[in-house]
Amino acid sequence: MRLEPIATPTTARRIVPPMLAIAATFLVAAILAMIAGGNPFAVFGLILTGAFGSKFALLETLNSATPLIFTGLAIAVAFRAKLWNIGAEAQLYAGAVLTVILGTGALGLPIYLMLPLCALAAMLAGATLLLGPALLKTRLGVDEVVTTMLFNFIFLLFVSFLLEGPLKDPMGMGWPKSSRLIPEARLPRIVEGLRLHWGFALALISALLVWVINTRTTLGYEMRAVGQNAEAAGFAGIPVTRVILKTALLSGGLAGLAGFSEVSGLKGALTLDLSPGFGYTGIVVAMLALLHPLGVVVAALFVAAIFVGADSMSRAVGVPSYIADIMLASALLFMVLAILLTKFRVRRD
Amino acid sequence: MNTNTEAQVVLRLQGITKCFGPVTANEDVSFDLHRGEVIALLGENGAGKTTLMNILFGQYTADAGAVELFGQPLPSGAPRAALDAGVGMVHQHFTLADNLTVWENIVLGVDHLSALSLKPRLVKARIRTLSEQFHLKVDPDAKVGRLTVGERQRVEILKALYRDAKILILDEPTAVLTPQEAEALFATLREAIATGLSVIFISHKLHEVMAISHRVLVLRHGKLVAERATDATNREELAALMVGSEVTAPSIETRAPGPALLKLSKVSTPDHGAAPGLKLLDLTLAAGQITGLAGVSGNGQAALSNLLSGLISPTTGEMELAGSPVKTWSARSAIAKGIARIPEDRHKTGTIADFDLTENAILETYASRFSRRGWMDWARARAFTKELIQTYDVRCPGPDIRIRLLSGGNMQKLILGRVLEEAPQIILANQPVRGLDIGAVNYVHGELAKARDRGAAVLLISEDLDEIMQLSDVIHVISEGRLSPGFARGSMKPSELGAWMAGHGFDAEAPDAA
């Protein structure tokens, strides 16, 4: 068996393989559900209603998708420029830490100043965190996959230290938990009485902005050029190093916003379980979206729906919610294969 | 050895047809190759030569038709089968692993690199024997990533020879050799032919085709339009057959030098791995002249080209641009100072394959001409690209297709347009016609001559001595980073320049780049 490149793929060629990938994902999940003793149709039905079946479920899904949109965007921006940022998890926590530092009463500003300040500080924190590995990459050629990934562990331990020490809530009965944000630092709900907070809107706006940056601005053009062929970009006079650093700032900033949105919109305080791996899941989201910023929104909703739906499904029929992780992983693998099939034709010898 | 007096057919292609979507790359192509025969495959870019060879080599599957090797049908689309049957192919774009050494690359695919039975010493000894026999000088232990284009080509040829190829397919093999080296290659190819090797030779250099081949096949628009015994044809006829009409190379008469636009005095740059830097180099580029830089690949051309491209700055010595000194600069400032750069590798350095024509056309000027306050002006960029396509005769469906779908010639025309639209004072053309067909070659040369005639200083770097001698008003030879004096057009014979290229004639005390 061999792969033969296709010069000009037809529309069907571009659409059918990804569809098949999604179908294959559900097939795998169905088999696993049967092994676990569930009826696959019932399981999928429950996942679907669990994710979208009620107003509460739908809002829960949108809330869960919010941090994934941010981290997915962070990854998509970086990967486009071939900056392999695996450290969105740490950047998210950096944003959260800054939000907590500014938002727990140290500053007494009105909400219309407080929120932008916290968001900006969170972005700056995430950006700074990625700037280090980016500088190491551009100056010394240190592989950013290694540095950003290992930094996740370092930074998580640092957060743990903060929560046991300087940021520990004195009223927290000994739990490693920060004080609660003052009301001025809390993202309000979009509609009073419903759980959905403005972080979701901010995520959508961010996706739109990233899309505009990619397609309409000079920086977007430069980032794409550097990502596709750094040698040609450098030859043509595009300041490659500076573009990589700018990309790092944007990517880290977006991941930092995820931390701000989670603390300020959802949790109200910082704990060590603020993110169950949003930084890593963001990689899956970005890949499923083919690094397209608007695709990130769709992919994040898909991923969030599976997680939220699987949770409620497992409560109902006892099929473990781990099935969500498997669905996610197989979706990614099948999608990578599907993307290959949109560009190549398989020839049998 | 086989004592057949009747030359046996080693390869037979029958009715090969291959389409890529709506494009027919090959249509009903049939021919035989005999034992000990060299056939030349001639054709413009996009005529279907490479596709045909890729089908023969099993990299593509033909839509119709059959290939027969040594009387046996060849299963289609199986490179392994072609390799095992003794077909060796030297691609125009090399297929070597940069991070491996020469000998590792050569055995790759024959043996597992970690196989216990692999004896590196024996392998290297055999490579050394082959490389001596075929005058393909290369160090078996060198990392391929550090080799020059010319050396990589030698590795590719060695790779095929190492595998005991009975049929050798050479895609533009001499593009990076000196006349002497090419001559040596031909001499050994002739010997190899005498022992039964058969060769398919793809080239656009008609004198080589005339010198080495027995038969010439001409491809046009994917069809075999003519077949001639080499004895019974001539260059003019072949050129006409190839493009379908008479062609004339631009005639270029010598010009007197104008004022010096760029002056290098005692400039040195550091060595870069195996590639030497410049050694106390003096060079003046005068307005209204084409200065030719001849030399064997990997003798400092890259360093000089990088220096003038703004990618590196001189470590010592002085560089003067239109009378004012330049200490350090960048690609962007070189462009801003009016230097047009045509890079050696248009696929890797000159263009971004998956960008469309518009995005490629504005690669150098997007910041100054096609964006305002950080916003791209795509409408203007697209209009500009349409104009370039018109003016420079880039044959393509439109400005929105990815540039990887263009032929080399059309890609080069776009690059040419991109830099010449800026009316540059200094033009650096590094191997501007490498791998192009005659039509495109004449076009590029004509544009360079036009630029010279309006007063630009052109530096033409080429490993093709014919090209240098045809175009240049002044010729310098570069060897191990040192530069020969300038020779006026017609004052030197190719063999004399060849001696300089081999390193003779430079000062005895000149630094040695060992």
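Scroll up to find the structure.
I will try to describe carefully the structure that is included in this document. Predicted model, so just to flag it, every value in this text is computed and none were measured. (Residues numbered from 1 in each chain as written. Chains lettered and ligands numbered in written order. Predicted model: local features only at pLDDT ≥ 70, side-chain atom pairs only at ≥ 80, totals over all residues.)

**Describing the overall build of chain B**
Point 1. Of the regular secondary structure elements, chain B holds 18 helices and 23 strands.
Point 2. Computed over its C-alpha atoms, the radius of gyration of chain B comes to 24 Å, within 12% of the 24 Å expected for a compact globule of 514 residues.
Point 3. In terms of its C-alpha atoms, chain B occupies a principal-axis envelope of roughly 70 × 55 × 50 Å.
Point 4. Partitioning the intrachain contacts of chain B with sequence separation of at least 6 by distance along the chain shows that 70% fall at a separation of at least 24. (Helix = DSSP H or I, 4+ residues; strand = E, 2+ residues; numbered from the N terminus. Rg over C-alpha atoms; globule rule 2.2 N^0.38 Å. Contact = placed C-beta atoms within 7 Å.)

**Comments concerning the interface of chain B and chain A**
Point 1. With 30 residues of chain B in contact, the opposing surface of chain A contributes 20 residues.
Point 2. When residues of the side of chain B that touches chain A are traced back to their parent elements, those giving at least two are helix H10 (331–336), helix H11 (346–350), helix H13 (366–369) and strand E18 (375–376) of chain B.
Point 3. Among the residues making up the side of chain B that touches chain A, the classes are represented as 16 nonpolar, 10 polar and four charged. (Nonpolar A, V, L, I, M, F, W, Y, C, P; charged D, E, K, R; others polar.)

**As for helix H1 (residues 49–56) of chain B**
Residues and elements named next belong to chain B.
Point 1. Among the eight residues that make up H1, eight are buried, leaving the element largely enclosed by the rest of the structure.
Point 2. Taken as a whole, H1 has its buried residues at Lys-49, Thr-50, Thr-51, Leu-52, Met-53, Asn-54, Ile-55 and Leu-56.
Point 3. Of the residues trailing H1, Gly-58 is marked for its positive phi of about 85 degrees. (Buried ≥ 20, exposed ≤ 12 C-beta atoms within 10 Å, placed from the backbone.)

**Remarks on the sheet that holds strand E9 (residues 215–220) of chain B**
Residue and element names in this part refer to chain B.
Point 1. Reading across the sheet, the six strands line up as E6-E7-E8-E3-E9-E10 and stay open at both edges, with mixed pairing between neighbours. A single partner strand is all that each edge strand has here, and the edge strands are strand E6 (87–90) and strand E10 (223–229). On average, each strand axis in the sheet is tilted by 15 degrees relative to the strand beside it, whichever way the strands run.
Point 2. Sheet analysis places strand E7 (residues 167–171) next to strand E8 (residues 198–202), joined by five bridges and oriented parallel. Among the inter-strand pairings, Ile-169 is bridged to a residue of E8, identified as Ile-200. (Pairing = 2+ DSSP bridges. Axes fitted to C-alpha atoms, helices over the stretch in contact; angles between N-to-C directions.)

**A closer look at the environment of Ala-287 of chain B**
Residues and elements named next belong to chain B.
Point 1. Residue placement: Ala-287 occurs in the loop between strand E12 (281–286) and strand E13 (290–294).
Point 2. Sequence separation of Ala-287 and Pro-257 is 30 residues, and the distance between their C-alpha atoms is 6.2 Å.
Point 3. Setting aside residues no more than four positions away along its own chain, Ala-287 makes contact with Gly-258, Pro-259, Leu-261, Gly-455, Ala-456 and Ala-457.

**Digging into the sheet that holds E12 of chain B**
Strand pairs in the sheet, formed through backbone hydrogen bonds, run parallel or antiparallel to each other.
All names here are of chain B.
Point 1. Ordered by their spatial adjacency, four strands build an open sheet running E12-E11-E14-E15, and the pairing between neighbours is antiparallel. On the outer flanks of this sheet lie E12 and strand E15 (324–326), each paired with one strand and no other. Here the average twist between neighbouring strands, direction ignored, is 20 degrees.
Point 2. Bridge analysis of strand E14 (residues 316–321) against E15 gives three bridges, and the strand direction is antiparallel.

**Things to note about unusual backbone geometry**
All names here are of chain B.
Point 1. One non-glycine residue, Lys-266, lies in the positive phi region at around 50 degrees.
Point 2. Along the chain, Lys-266 turns up in strand E11 (residues 260–268).
Point 3. Here Lys-266 falls in the partly exposed class, since 13 other C-beta atoms lie within 10 Å of it.
Point 4. For Asp-393, which is not glycine, the phi torsion reads 55 degrees and is therefore positive.
Point 5. By the element assignment, Asp-393 lies in the loop between helix H14 (378–391) and helix H15 (408–420).
Point 6. Take Asp-393: there are 14 C-beta atoms within 10 Å of it, and that puts it in the partly exposed class.

**As for the pairing of E13 of chain B**
All names here are of chain B.
Point 1. Most of E13 sits inside the fold, with five of its five residues counted as buried.
Point 2. The side-chain alternation of E13 yields two buried faces, one formed by Ile-290, Gly-292 and Ala-294 and the other by Thr-291 and Leu-293.
Point 3. Examined bridge by bridge, E13 and strand E20 (residues 457–461) share four bridges and lie parallel to one another. Bridge pairing in E20 places Ile-290 opposite Val-458.
Point 4. Two elements, E13 and strand E21 (residues 474–479), share four bridges in a ladder whose sense is parallel. Across the sheet, the residue bridging to Ala-294 is Val-477, located in E21.

**Concerning the packing of helix H1 (residues 11–35) of chain A against helix H2 (residues 40–52) of chain A**
Residue and element names in this part refer to chain A.
Point 1. Two numbers describe how H1 lies on H2: the axes approach to 8 Å, and their chain directions differ by 115 degrees. Classed by the angle they form, the pair H1 and H2 counts as roughly perpendicular. Here H1 and H2 pass one another in a crossing that is right-handed. Taken together, the residues of H2 that come into contact with H1 (itself represented by Phe-26, Ala-30, Ala-33 and Met-34) are Pro-40, Val-43 and Phe-44.
Point 2. Looking at the contact of H1 with H2, its residues break down into seven nonpolar, no polar and no charged. (Parallel < 35°, antiparallel > 145°, perpendicular 65-115°, else oblique. Left-handed = near helix turned anticlockwise from the far one by under 90°.)

**Quick word on helix H13 (residues 323–343) of chain A**
Residues and elements named next belong to chain A.
Point 1. Along its 21 residues, H13 runs 30 Å from first to last C-alpha, staying within 8% of the 30 Å computed at 1.5 Å per residue.
Point 2. The complete set of buried residues in H13 reads Ile-323, Ala-324, Met-327, Leu-328, Ala-331, Phe-334 and Met-335. One side of H13 carries all its buried residues, which in axial view fall inside an arc of 145 degrees. Residues of H13 that are exposed and angled more than 90 degrees away from the buried face: Val-336 and Leu-340.
Point 3. On its buried face, H13 is in contact with H1, helix H11 (278–288) and helix H12 (293–317). (Expected span 1.5 Å × (residues − 1). Arc of directions from axis to C-beta.)

Just geometry here; none of it tells us what the structure is for.
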